[in-house]
Amino acid sequence: MSDPIKMYPSKPQKVYFYATCLVDLFYPEAGMAGVQLLEREGIEVIFPEKQTCCGQPAYSSGFNDQAREVILPQLGLFPEDYPVVVPSGSCAGMMRKHYPELFAGTPQQSQAEALAGRTWELTDFLLRVCNLRLEDQGQPVKVAMHTSCSARREMGIAEVGPALLQQLDQVELVEQARPAECCGFGGTFAVRHEEISGAMVQDKAEALAAAGAEEFVTTDCGCLMNIAGYSEKQQLPLKGEHILSFLWKRLQAADKAPVNAGGKV
Amino acid sequence: MSQHQEAVQEFHPRVHAALQDSQIRNNFRKAMDGLMGKRQQAFADWDLEGLRDLGAAVRLRALSRLPELLEELEANLTRQGVRVHWAENGDQACEIIRDICQARDAKKVIKGKSMVSEEMELNAYLEEAGIEALESDLGEYLVQLAEETPSHIIMPAIHKNTDEISALMHEKTGTQPSRDVAYLTASARQQLREKFMQADVGVSGVNFAVAETGTLCLVENEGNGRLTTTTPSCHIAVTGIEKVVEKLEDVTPLLALLTRSATGQHVTTYVNMISGPRKEEEKDGPEEVHLVLVDSGRSSIYQDEELLDTLRCIRCGACMNHCPVYTRVGGHAYGTTYPGPIGKILMPHLLGLDKTRDLPSASTLCGACGEVCPVKIPIPKLLQRLRKEAVDGDSLRPSVVSGHGVKRRFLEVLAWKGWAKMHAHAGFYRLGTRMMTSLRGLMPSKLGGWTRYRTPPRIASKSFQQMMREHAQKSNAGGRS
Amino acid sequence: MNQARSNILRRLRAGRKASFALPRSDFAPVRDRDWSAAEKLDLFQQKIESVHGEVHRVPAQQWVPELLRLLAEKQLSNLLVSPERKPGQELREQWHGDLPELLAYDQPIENWKSELFNQVDASLTTCRGAIAETGSLILWPDTQEPRLMTLVPPVHFVLLEADQIYATFHEALSTQGWVNQGLPTNALLISGPSKTADIEQTLAYGVHGPAELVVLVLE
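Here the structure is a predicted model, which is why all the values come from computation and not from measurement.

1. Points about the overall build of chain C
Phase 1: Along its length, chain C carries eight helices and twelve strands.
Phase 2: With the C-alpha coordinates of chain C rotated into their principal frame, the extents come out at 70 × 45 × 45 Å.
Phase 3: Buried residues in chain C amount to 58% of all 219 residues.
Phase 4: Considering only residue pairs separated by 6 or more positions, chain C has 72% of its internal contacts joining residues 24 or more positions apart.
Phase 5: Taken as a whole, chain C presents about 9,200 Å² of accessible surface, with 46% of it coming from carbon and sulfur.
Phase 6: Between the centroid of the 21 positive side chains of chain C and the centroid of its 28 negative side chains there is a distance of 17 Å.

2. What about the packing of aromatic side chains?
Phase 1: Tallied over the full model, the rule gives 15 aromatic pairs over all chains.
Phase 2: Taken together, a centroid distance of 5.4 Å and an interplanar angle of 90° make the contact between Phe28(B) and Tyr326(B) edge-to-face. Here Phe28(B), found in helix H3 (residues 22-42), pairs with Tyr326(B), found in helix H16 (residues 324-329); they are 298 residues apart in sequence, far enough to count as distant. Across this residue pair, the class does not change: Phe28(B) and Tyr326(B) are buried.
Phase 3: With 5.1 Å between their ring centres and 80° between their planes, Tyr105(C) and Trp112(C) make a pair best called edge-to-face.
Phase 4: For Tyr105(C), a relative accessible area of 3% gives the class buried.
Phase 5: One aromatic cluster is present, formed by Tyr16(A), Tyr18(A), Phe78(A) and Tyr82(A) through successive ring pairs.
Phase 6: For the cation-ring pair, Arg96(A) lies above Trp120(A), with the distance from its terminal atom to the ring centre recorded as 4.6 Å.
Phase 7: Sitting over the ring of Tyr338(B), Arg315(B) keeps its end group 4.6 Å from the ring centre.

3. What to know about the pairing of strand S1 (residues 14-17) of chain A
Residue and element names in this part refer to chain A.
Phase 1: Sheet analysis places S1 next to strand S2 (residues 44-46), joined by three bridges and oriented parallel. Among the inter-strand pairings, Val-15 is bridged to a residue of S2, identified as Val-45.
Phase 2: Pairing analysis gives two bridges linking S1 to strand S3 (residues 84-86), with the strands arranged parallel. What sits directly across from Phe-17, in S3, is Val-85.

4. So, the interface of chain C and chain B
Phase 1: The partner chain B presents 101 residues to the 81 residues of chain C that form the contact.
Phase 2: Across the chain C/chain B interface, buried area totals approximately 7,800 Å², and carbon plus sulfur atoms make up 59% of it.
Phase 3: Summed over the shared surface of chain C and chain B, the number is eight salt bridges.
Phase 4: The residue Arg16(C) makes a salt bridge to Glu68(B) at a minimum N-O spacing of 2.8 Å.

5. Here we look at the packing of helix H20 (residues 410-424) of chain B against helix H21 (residues 426-438) of chain B
Residue and element names in this part refer to chain B.
Phase 1: Packing of H20 against H21 brings their axes to within 5 Å, and their N-to-C directions diverge by 100°. Between H20 and H21, the interaxial angle falls into the category roughly perpendicular. In contact with Lys-421, Met-422, His-423 and Ala-424 of H20, H21 contributes Ala-426, Phe-428, Tyr-429, Gly-432 and Met-436.
Phase 2: Residue composition of the contact of H20 with H21, grouped by class: six nonpolar, two polar and one charged.

6. Here's the deal with the sheet that holds strand S4 (residues 201-204) of chain B
Residue and element names in this part refer to chain B.
Phase 1: Strand order in the open sheet formed by six strands is S1-S10-S7-S4-S2-S3, and the pairing between neighbours is parallel. With one partner strand each, in any of the chains shown, strand S1 (82-87) and strand S3 (132-135) form the two edges of the open sheet. Going across the sheet, the axis of each strand differs from the next one's by a mean of 20°, ignoring polarity.
Phase 2: Of the pairings in the sheet, the one linking strand S7 (residues 234-240) to strand S10 (residues 288-294) comprises seven bridges and is parallel in character. What sits directly across from Gly-240, in S10, is Val-294.

7. Some thoughts on the sheet that holds strand S1 (residues 54-58) of chain C
Residue and element names in this part refer to chain C.
Phase 1: Strand order in the open sheet formed by six strands is S1-S12-S7-S4-S2-S3, with parallel pairing between adjacent strands. Lying at the two open borders of the sheet, with one neighbouring strand each, are S1 and strand S3 (101-103). Averaged over all adjacent pairs, the angle separating strand axes in this sheet is 25°, with direction ignored.
Phase 2: Where strand S4 (residues 122-125) lies against strand S7 (residues 155-161), four bridges are found, and the strand directions are parallel.

8. Section: unusual backbone geometry
Phase 1: Despite not being glycine, Thr20(A) has its phi angle at roughly 80°, a positive value.
Phase 2: Position of Thr20(A) among the secondary structure elements: in the loop between S1 and helix H1 (21-25).
Phase 3: The backbone of Glu200(C) shows a phi angle near 45°, a positive value even though the residue is not glycine.
Phase 4: With respect to the secondary-structure elements, Glu200(C) resides in the loop between strand S10 (195-196) and strand S11 (204-205).
Phase 5: By relative accessible area, which is 24% here, Glu200(C) ends up partly exposed.

9. Regarding the side chain of Ser197(A)
Phase 1: Relative to the assigned elements, Ser197(A) resides in helix H11 (residues 194-210).
Phase 2: Within the structure, Ser197(A) has its side chain in polar contact with the side chain of Arg454(B) (distance 2.8 Å).
Phase 3: Sequence-distant contacts of Ser197(A), defined by excluding residues within four places in its chain, comprise Cys183(A), Gly184(A), Phe185(A), Phe189(A), Ala190(A) and Arg454(B).

10. Section: a nonpolar patch on the surface
Phase 1: On the surface, a cluster of nonpolar side chains totalling about 420 Å² of accessible area is made up of Leu431(B), Met435(B), Leu439(B) and Leu442(B).
Phase 2: Here Leu442(B) is to be found in the loop between H21 and helix H22 (448-453).

11. Points about the pattern of salt bridges
Phase 1: Under the counting rule described, the total for this entry stands at 71 salt bridges over all chains.
Phase 2: Across the pair Asp394(B) and Arg68(A) runs a salt bridge whose closest N-O atoms are separated by 2.4 Å. On the criterion of chain membership, the pair formed by Asp394(B) in the loop between helix H19 (379-391) and H20 and Arg68(A) in helix H4 (residues 64-71) is interchain, its members lying in two chains.
Phase 3: Here Arg85(C) makes a salt bridge to Asp142(C), at a shortest N to O gap of 2.3 Å. Here Arg85(C), found in the loop between strand S2 (78-81) and helix H5 (86-93), pairs with Asp142(C), found in the loop between strand S6 (136-139) and S7; they are 57 residues apart in sequence, far enough to count as distant.
Phase 4: Overlapping salt bridges, with partners in common, bring together Arg178(A), Glu181(A), Asp203(A), Arg25(B), Arg29(B), Asp33(B) and Arg328(B) in one network.

About the cut-offs
- Residues numbered from 1 in each chain as written.
- Chains lettered and ligands numbered in written order.
- Predicted model: local features only at pLDDT ≥ 70, side-chain atom pairs only at ≥ 80, totals over all residues.
- Heavy atoms only, no water.
- Helix = DSSP H or I, 4+ residues; strand = E, 2+ residues; numbered from the N terminus.
- Buried < 20%, exposed > 50% of the residue type's maximum accessible area, 1.4 Å probe, protein only.
- Contact = heavy atoms within 4.5 Å.
- Areas by Shrake-Rupley, 256 points an atom, 1.4 Å probe, with all protein chains shown as cover.
- Lys, Arg positive; Asp, Glu negative; His and termini not counted.
- Charge placed at Lys NZ, Arg CZ, Asp CG, Glu CD.
- Phe/Tyr/Trp six-rings, centres within 6.5 Å; stacked < 30°, edge-to-face > 60°.
- Lys NZ or Arg CZ within 6 Å of the ring centre and 35° of its normal.
- Pairing = 2+ DSSP bridges.
- Buried area = accessible area lost by both parts, 1.4 Å probe.
- Salt bridge = Lys/Arg side-chain N within 4 Å of Asp/Glu carboxyl O.
- Axes fitted to C-alpha atoms, helices over the stretch in contact; angles between N-to-C directions.
- Parallel < 35°, antiparallel > 145°, perpendicular 65-115°, else oblique.
- Nonpolar A, V, L, I, M, F, W, Y, C, P; charged D, E, K, R; others polar.
- Polar contact = N/O pair within 3.5 Å; in protein donor to acceptor, adjacent residues only side chain to side chain.
- Patch = residues over 30% accessible without salt bridge, like charges linked within 9 Å, V, L, I, M, F, W, Y side chains within 5 Å.

And the structure:
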């Protein structure tokens, strides 16, 4: 009954890129960083333009009908047997773990299962499939990693972010207290149970700052928006960034501006 | 229905109060940090996944034959001289216990720890019948002195610190105020010794009921459970129907999981296995032993293949100890007998979703509970299921839980339908994102609860789709040059 | 309440799903241990000491003087011990007037509840072996060594034969054939003195049962 062992594919020539709605609208530079890291590995990135959202907001609110309605037209966007990479642990988790449940017993069951089977969180894919090697070009900095709960528990990739960061010579990775504890985002939870969410994000941001981190990086835009938004409002000395943006910037010479910094919190 | 249960609906005000109470927050944070650390150490040398798989397998096997095992348990216990009673709900169970007491003319009941008895509010029921019911587990005793309910299923008084307990004992029992836990404990021992000697009936819970041998297993550290089941001339054990296991050997993995998951102990001080009343030649033990099997909604959980996993629970409390929500708000905020993640998936069945409407959504679905559950109950999955039930959100799989649809509100349904229309059509979606990026200056600076704690999210000047299009053009241009 | 019984069983039978996917129960995680006798003894001692139990290893012939030393050290004025069991007989043979009084649990509890609860300082019992992995003693109370004998006196001495230590609970109950021979009215695992952490997770001993558990391991 243990989770099946993950079978990574060999490094492909092409991948499908599933950007997620938060990247699309709020953190496009994180998506671009992901694309460029893939291209740096010689992989052709295919971006099916008709993609929207993975359906998770409705699903985690109990509106399965609406989740299916949104997912259904997207199931056919990835016809070839290429891996589908996602710059988010929680959206990847939605596709990998919950699509098969949602479509069980429907005509789309096998399509959903097939898609789930080749969906990968992007940092995991870069490290384990592409065997990414990074040469740090940046200034010394103290960074903490916040692995999202879905990345940690649904996707089982808690060790991936730290392993990538540790490749960077000038980056000192510090660890916050209770690294495995949730930041309190939880999608609509942050609004439905605002006070609990507020208490959780307070503890998380303070723990990151107390660890001496000048910046935290994370696999997930929801956590990023939550923790960085709190930190900014409370004026804590703590910036936040998607791990893909961070990694890509570290590969550029210090005098070269990153491709696009728009939308960064 | 008691006031306590009706109050379940008032979740938000209690959360608010708990979060404002820095003492409560500190007490829980400290306790939960300690319990998490101890659990981790206790499993350090174990094949934990193998053990959890075994624990889950044992519980599933028991549930697969639940009616047969209950009959086998009953037959074996009866043969060994234990009287078995069945109750469809808490009130019936209370009645049975009251009747046993009255038949023996019993006026004083001493209790070992039993969450099922909390669930059916036995103490209040007995008091009304003129029978004193006194808790003897130290934590339960303190909670009873304070006229409260347990805030944790394993550590009932975890919400109080030593100073608060000292003040409580001083006020209610006249002990000297003290920060010396040994002194406070010794005082409670003294107070309860007399009560044990005088008690007519002992009421206890059951951790595992073994069908094969007709054995009731009770797991505890203090010895109050053993005193409760030995000293009075009558012992009444009360338990949910799901607590049965098939074989005696099935207890071994569950015991190993229970104590380590709960408090990080490799075993509790006492594992008390009761298979019958005192035999004629024996010099102590109760003359009468009763077992009350309580349904209270469990058989309806059993009807559903997915929800059934709720019944695997062995009540270790690890899900609470690891829950970031429980840690912040404490057990009383839930307003239910079982708080925390297990409470959120169990109480809607016991009380109805209408009375527990805010519980399933009070989770980030972070998965910490499912990760530590010793019998691998997929708690986050069941929370999602109950959210779906609460809004009648899946036309392919009709809702079945009592009180389903209670959270289905016209405006929210409309909002999700609109959301779905926008995201199911790439054209609408692209139009929408283009509008938002170009009108991003108009984004409101206040977004309800979100901006109470955080700055508003910032829409990018260009969407990822636009950037990708430009990126593709650049690559193509680059390719041509 | 026969109505309740049939209603509950009927609901369970009607609601049972045919598709119970039953995983195999692989008991290896609680069974397979490869420990020598010496390792088992060491582990038993380490585990029970970690929860405040006291262990004294003595040659099998030397336990009486060791017990007398401990009784004196702990200033106990009496000892409840079965006159019918071999250790009780041995003890009585080597007794003399200056020593703590030997008491017997020779009548039903109802006749001497108050004395047992208020006047007995310590008890001595045998056991049916121990479990190394958890530092647990196995006791099956009976007419000679009744249940409360191991619970009410503040100090409990136990004699354990070193070759009666099983690796795991699973091994103990299968080797001793618990299921086949049938369980007694009460069977116990005892692992240390009575304790509680209900006050702010601070450990305190002797809350309802003995504050001291002393194991004499006979080698």
